[in-house]
Amino acid sequence: MTAPVSLPIWLNGRILPHGGAGVDTADRGFLLGDGLFETMRVAGGQVRHLDRHMNRLAQGAAAIRLPPPDRTAIAVGIAALLDACGLQTGSLRLTCTRGVGPRGLLPPAQVSPTLLLTAAAGLPPATPVRLVTASHRRDGGSILSRIKSLNYLPSILSRMEAAEQGADDAIMLNHAGFVAETSASTLVACIDGQAVTSPVSDGALPGTARGVLVDAGIVQVGRISPALLRQATAVFTLNSLSVREVVEWDGVAFPRRPDLLATLRAACQG
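What you see is a predicted model, and the numbers here were worked out from it, not measured in a lab. Counting from 1, residues in each chain are numbered in the order their sequence is written. For a predicted model such as this one, the threshold for reporting local features is a pLDDT of at least 70, and the threshold for listing and counting side-chain atom pairs is 80 or more; totals across whole chains, interfaces and linings nevertheless cover every residue. Side-chain descriptors were evaluated using all non-hydrogen atoms of the structure, hydrogens and water having been removed beforehand.

**Student:** Can you help me understand the overall build of the chain in this one?
**Tutor:** For the chain, the count of helices and strands is seven helices and 15 strands. Using C-alpha atoms as the atom set, the radius of gyration is obtained and then compared with a globule rule of 2.2 Å times the number of residues to the power 0.38. The globule rule puts the C-alpha radius of gyration for 270 residues at 18 Å, and the 19 Å found for the chain is close to it. In terms of its C-alpha atoms, the chain occupies a principal-axis envelope of roughly 50 × 40 × 40 Å. Each residue's exposure class comes from its accessible area (1.4 Å probe, protein chains only) as a fraction of the maximum for that residue type: buried when under 20%, exposed when over 50%, partly exposed otherwise. Split into buried and exposed, the 270 residues of the chain put 46% on the buried side. Runs of E in the DSSP output that reach at least two residues are strands. Runs of H or I that reach at least four are helices, and both are numbered from the N terminus.

Structure below.
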């Protein structure tokens, strides 16, 4: 098996070899998860829906009292990294932390954020998905459910739980028992002929692909109970990198809708 190629990275304004960069051991993102990230799809050598990603990043920064990310610097970094990698199809991950700080929870008075861009060639397979229900609940009232925080432990544990059961991913319910999302994707269910996704208030992350579909009127926002989900005539998971059909959830089989799958993919990947 051929080892994956290590692509260069962009760190605080500099292109560096993958193994030649380091983050300060006092960085709050590393120590406390104090930061945000965005995963962005690259197609035709360009980042898709960049404005949506940057808007969500800015909203997340405001929510955690982080200085507004420098959009111009990020755009320059994206262009530089894509050029250095020669990447045509794949993804970029932008990580933004509060930077270095003293020991303890309180950040320094003067913050100097760390900005990191990494690249990956190719996209994950858009194969059908088998889901289970996670034991970990999503808290729709928590700030962490509304931003792309570096604090991802509930999702990590849910994905581990799914793997232990031989599934591809896990549905996370909120504390009221309604569907929020999967560990790393928006859930869309076709109910009574309408594609529906959960509201942010129920714990659904305001995903970029989700926003594209809702703004286009292809998907409506509405509460999804487990009972309603069992009656769905098709179910999908989606994020910025892929749209996938759900074929089974906790032993319940779902019909496949290649027509709706094609519609969702065309809208998300435009």
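Still more ground to cover, so stick around.
**Student:** Where do I start with the side chain of Asp202 in this structure?
**Tutor:** Along the chain, Asp202 falls in the loop between strand S11 (194–197) and helix H5 (208–215). On the accessibility criterion, Asp202 (2% relative accessible area) is buried.

**Student:** So what exactly am I meant to see when it comes to a nonpolar patch on the surface here?
**Tutor:** Residues enter a patch when their relative accessible area is above 30% and they make no salt bridge; the linking distance is 9 Å between like charges and 5 Å between nonpolar side chains (Val, Leu, Ile, Met, Phe, Trp, Tyr). Using a 1.4 Å probe, the Shrake-Rupley method yields the accessible areas, and only the shown protein chains count as cover for residues. Here a salt bridge means any side-chain nitrogen of Lys or Arg lying within 4 Å of a carboxyl oxygen belonging to Asp or Glu. Together, Phe30, Leu31, Leu32 and Leu105 line one region of the surface with nonpolar side chains, adding up to about 470 Å² of accessible area. Residue Leu105 is classed as exposed on the basis of its relative accessible area, which comes to 69%.

**Student:** Looking at this model, I keep getting lost on the sheet that holds strand S1 (residues 9–11). Mind explaining?
**Tutor:** Across a sheet, paired strands are connected by hydrogen bonds in the backbone, their directions being either parallel or antiparallel. Spatially, S2-S1-S6-S5-S3-S4 is the arrangement adopted by the six strands of the open sheet, whose pairing is antiparallel. Edge positions in the open sheet fall to strand S2 (14–16) and strand S4 (46–47), since each of these has one partner strand only. Alignment of strand S5 (residues 90–97) against strand S6 (residues 114–121), held across eight bridges, turns out to be antiparallel. Bridged to Gly90 within S6 is Ala121. One requirement defines pairing of two strands: DSSP has to find at least two bridges between them.

**Student:** Mind showing me how you'd approach the environment of Glu38 here?
**Tutor:** Position of Glu38 relative to the elements: it lies in strand S3 (residues 35–43). Using a relative accessible area of 1% as the deciding quantity, one classes Glu38 as buried. For the pair Glu38 and Leu57, spaced 19 residues apart in the sequence, the C-alpha separation amounts to 7.2 Å. In what follows, a contact means two residues having at least one pair of non-hydrogen atoms within 4.5 Å. Setting aside chain neighbours within four positions, we find Glu38 in contact with His53, Arg56, Leu57, Leu92, Arg93, Leu94 and Lys148. Among the polar contacts listed, one links the side chain of Glu38 to the side chain of His53, at a separation of 2.7 Å. Within the local environment of Glu38, its side chain forms a polar contact with the side chain of Arg56, the two groups lying 2.7 Å apart. Definition of a polar contact: a pair of N or O atoms within 3.5 Å, with one able to donate and the other able to accept a hydrogen when the atoms are protein atoms, and with sequence-neighbouring residues admitted only if both atoms are side-chain atoms.

**Student:** Is there a simple way to explain unusual backbone geometry in this structure?
**Tutor:** When glycine is set aside, most residues are seen to have a negative phi, and most peptide bonds are trans. Even without being glycine, Asn12 reaches a positive phi, approximately 50 degrees. Here Arg65, not a glycine, exhibits a phi torsion of approximately 60 degrees, which is positive. Its location among the elements puts Arg65 in the loop between helix H2 (50–63) and helix H3 (71–85). Take Arg65: its relative accessible area is 77%, and that puts it in the exposed class.

**Student:** Just to check I follow, could you spell out the layout of surface pockets for this structure?
**Tutor:** If a probe as big as a water molecule is rolled over the atoms, it shows which places are left empty. In this model, the largest pocket occupies a volume close to 280 Å³. Only protein atoms enter the calculation, which uses a 1 Å grid: trapped sets of points that fit a 1.4 Å probe without letting it out are cavities, open sets showing protein on both sides within 12 Å along at least five of seven lines are pockets, and any residue with an atom within 4 Å of a point is a lining residue. Every residue lining the largest pocket is counted, 20 residues in all, and those nearest its centre are Lys148, Ala184, Leu205, Asn239 and Ser240. Ranked by the residues each element gives to the lining of the largest pocket, the list is headed by H5, at three residues. Polarity classes work like this: nonpolar for Ala, Val, Leu, Ile, Met, Phe, Trp, Tyr, Cys and Pro, charged for Asp, Glu, Lys and Arg, and polar for all others, with Gly in that last group. Residue composition of the lining of the largest pocket, by class: seven nonpolar, nine polar and four charged. Grid points are joined across faces, edges and corners, and a volume is the space filled by probe spheres set on the points.

**Student:** Please clarify how the pairing of strand S9 (residues 179–182) should be interpreted in this entry.
**Tutor:** Across three bridges, the pairing between strand S8 (residues 169–173) and S9 is antiparallel. Looking across to S9, one finds that Met172 is bridged to Glu181. Hairpin remark: S8 followed by S9, antiparallel, with five residues in the connecting loop; positive phi at Gly177, about 90 degrees.

**Student:** It is not clear to me how the packing of H2 against H3 should be interpreted in this structure. Could you clarify?
**Tutor:** When two helices pack together, their arrangement is given by the angle between the helix axes and by the axis-to-axis distance. Orientation is described by axes fitted as lines to C-alpha atoms, over the contacting stretch for helices, and by angles from 0 to 180 degrees between their N-to-C directions. Remark: H2 packs on H3, axes separated minimally by 12 Å, with the N-to-C direction vectors making an angle of 135 degrees. As the angle between them shows, H2 and H3 are arranged oblique. Seen from above, H2 lies across H3 with right-handed handedness. Residues Leu50, Met54, Asn55, Leu57 and Ala58 of H2 form the contact with H3, whose own contacting residues are Arg71, Ile74 and Ile78. Counted by class, the contact of H2 with H3 contains six nonpolar, one polar and one charged residues. Roughly parallel means an angle under 35 degrees; roughly antiparallel means over 145; roughly perpendicular covers 65 to 115; every other angle is labelled oblique. We call a crossing left-handed when the near helix sits turned anticlockwise from the far one by less than a right angle, and right-handed when that turn is clockwise.

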